[in-house]
Amino acid sequence: MGEQAAIVVDTNVLLNLATPVVDGRSQAPTGEDPLKAVLTGYDVHVPSSVLGEVSEAQGSDDLLSAAADLVFQASHHLTTHDVAAEIDDSLAFGLDRGESHGIWLTNELSAAMFVTDEFNTTNYLFVSLALDDRNVLFTTLHILCVLADRGLFSPQYVDAALTYYVETKQWDRQYVDQLRNTYLTG
């Protein structure tokens with residue numbers, strides 16, 4: 001494989017990629033490691049504020065904390081950038097610091113993707129408008145489908161993962177069905 005594409009990911013993406021790996025419930029898809037696949041398949045960049053948000057998720061005895069612990073165990077695969085000094089103010093529109101910093105970093109690096117899970121909110125539109133190239137906006141679910149399309153995941157695993165996220169995160173079924181139709185059928 002040639003040079004890896006640079007991508008920027010948001011806090012929730014890292015946690016959502018780690019969740020199926022640490023979720024011992026029967027509904028969790030098994031056999032693959034989405035976090036590892038993304039971290040080894042791409043040159044992953046994050047603003048330091050994202051790791052700060054991940055650390056805030058640690059310290060309890062729940063699934064989110066276990067996912068945060070896994071992200072920190074794998075954080076040596078991330079290129080971290082301190083962008084706070086580069087940005088005067090975070091973007092408005094209800095975006096948090098990590099999202100605002102991620103958008104700035106994506107534009108600065110001309111990254112191939114900005115992966116965020118704001119798609120169930122109006123924030124997704126604001127993120128899209130703030131990116132220099134709107135074609136770089138992806139979600140956790142979308143990147144899993146891209147990995148299946150590249151042959152790095154089986155379509156069966158990604159289909160199970162899509163169902164898992166719909167059932168556990170109440171993510172939009174129409175969006176998921178569109179991804180299935182685009183990447184997993186045919």
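What you see is a predicted model, and the numbers here were worked out from it, not measured in a lab.

1. Considerations on the environment of Asn 12
For step 1, the next point in the chain: Secondary-structure assignment places Asn 12 in helix α1 (residues 11-22).
For step 2, the next point in the chain: Counting along the chain gives 42 residues from Asn 12 to Val 54, while the straight-line C-alpha distance between them is 8.4 Å.

2. Focus on the environment of Arg 97
For step 1, the next point in the chain: Here Arg 97 lies in helix α5 (residues 97-109).
For step 2, the next point in the chain: Among the residues examined, Arg 97 registers a relative accessible area of 44% and is labelled partly exposed.

3. Topic: the nonpolar core
For step 1, the next point in the chain: Ile 7, Leu 35 and Tyr 42 are the most contacted members of the largest nonpolar core, which has 47 residues in total.
For step 2, the next point in the chain: Apart from residues lying up to four places away in sequence, Leu 35 is in contact with Leu 14, Leu 17, Ala 18, Leu 70, Val 71 and Ala 74.
For step 3, the next point in the chain: Ranked by size, the runner-up nonpolar core spans 11 residues in total, among them Leu 95, Ile 103, Phe 114 and Leu 131.

4. Concerning the packing of α1 against helix α8 (residues 155-169)
For step 1, the next point in the chain: Where α1 meets α8, the axes come as close as 11 Å, and the angle between the chain directions of the two elements is 105 degrees. Considered as vectors, α1 and α8 are oriented roughly perpendicular to each other. Contact with α1, carried on its side by Asn 16, Leu 17, Thr 19 and Pro 20, involves Tyr 157, Tyr 164, Tyr 165 and Lys 169 of α8 and no other residues of that element.
For step 2, the next point in the chain: For the contact of α1 with α8, the per-class residue count stands at five nonpolar, two polar and one charged.

5. A word on the sheet that holds strand β4 (residues 113-115)
For step 1, the next point in the chain: Ordered by their spatial adjacency, five strands build an open sheet running β3-β2-β1-β4-β5, and the pairing between neighbours is parallel. What marks the edges here is a single partner per strand, and that holds for β3 (79-81) and β5 (137-138).
For step 2, the next point in the chain: Strand direction decides the pairing type here: β4 and β5, joined by two bridges, are parallel. Each bridged residue has a counterpart across the sheet, and for Val 115 the counterpart in β5 is Phe 138.

6. Structural notes on α5
Since the α-helix turns once every 3.6 residues, residues separated by three or four places project in the same direction.
For step 1, the next point in the chain: The first and last C-alpha atoms of α5 sit 18 Å apart over 13 residues, in line with the 18 Å expected at 1.5 Å per residue.
For step 2, the next point in the chain: Residues of α5 that are buried include every one of Gly 98, Glu 99, Ser 100, His 101, Gly 102, Ile 103, Leu 105 and Thr 106, and no others.
For step 3, the next point in the chain: Residues of α5 that are buried make contact with β1 (6-9), β2 (43-47), α3 (48-56), β3, β4 and α6 (123-130).
For step 4, the next point in the chain: Downstream of α5 by a residue or two, Ser 110 has a phi angle that is positive, lying close to 50 degrees.

7. Quick notes on the packing of aromatic side chains
By convention here, two paired aromatic rings are described through the distance between centres and the angle between planes.
For step 1, the next point in the chain: Scanning all chains against the criterion turns up three aromatic pairs.
For step 2, the next point in the chain: Here Tyr 165 and Trp 171 contribute two aromatic rings whose centre-to-centre distance is 5.0 Å and whose plane-to-plane angle is 15 degrees, an arrangement assigned as stacked.
For step 3, the next point in the chain: Its relative accessible area of 0% is what places Tyr 165 among the buried residues.
For step 4, the next point in the chain: One aromatic cluster is present, formed by Tyr 164, Tyr 165 and Trp 171 through successive ring pairs.
For step 5, the next point in the chain: Between the NZ or CZ atom of Arg 150 and the centre of the ring of Tyr 42, over which it lies, the distance is 5.0 Å.

The rules behind each value
- Residues numbered from 1 in each chain as written.
- Predicted model: local features only at pLDDT ≥ 70, side-chain atom pairs only at ≥ 80, totals over all residues.
- Heavy atoms only, no water.
- Helix = DSSP H or I, 4+ residues; strand = E, 2+ residues; numbered from the N terminus.
- Buried < 20%, exposed > 50% of the residue type's maximum accessible area, 1.4 Å probe, protein only.
- Core = buried A, V, L, I, M, F, W, Y, C linked by side-chain atoms within 4.5 Å.
- Contact = heavy atoms within 4.5 Å.
- Axes fitted to C-alpha atoms, helices over the stretch in contact; angles between N-to-C directions.
- Parallel < 35°, antiparallel > 145°, perpendicular 65-115°, else oblique.
- Nonpolar A, V, L, I, M, F, W, Y, C, P; charged D, E, K, R; others polar.
- Pairing = 2+ DSSP bridges.
- Expected span 1.5 Å × (residues − 1).
- Phe/Tyr/Trp six-rings, centres within 6.5 Å; stacked < 30°, edge-to-face > 60°.
- Lys NZ or Arg CZ within 6 Å of the ring centre and 35° of its normal.

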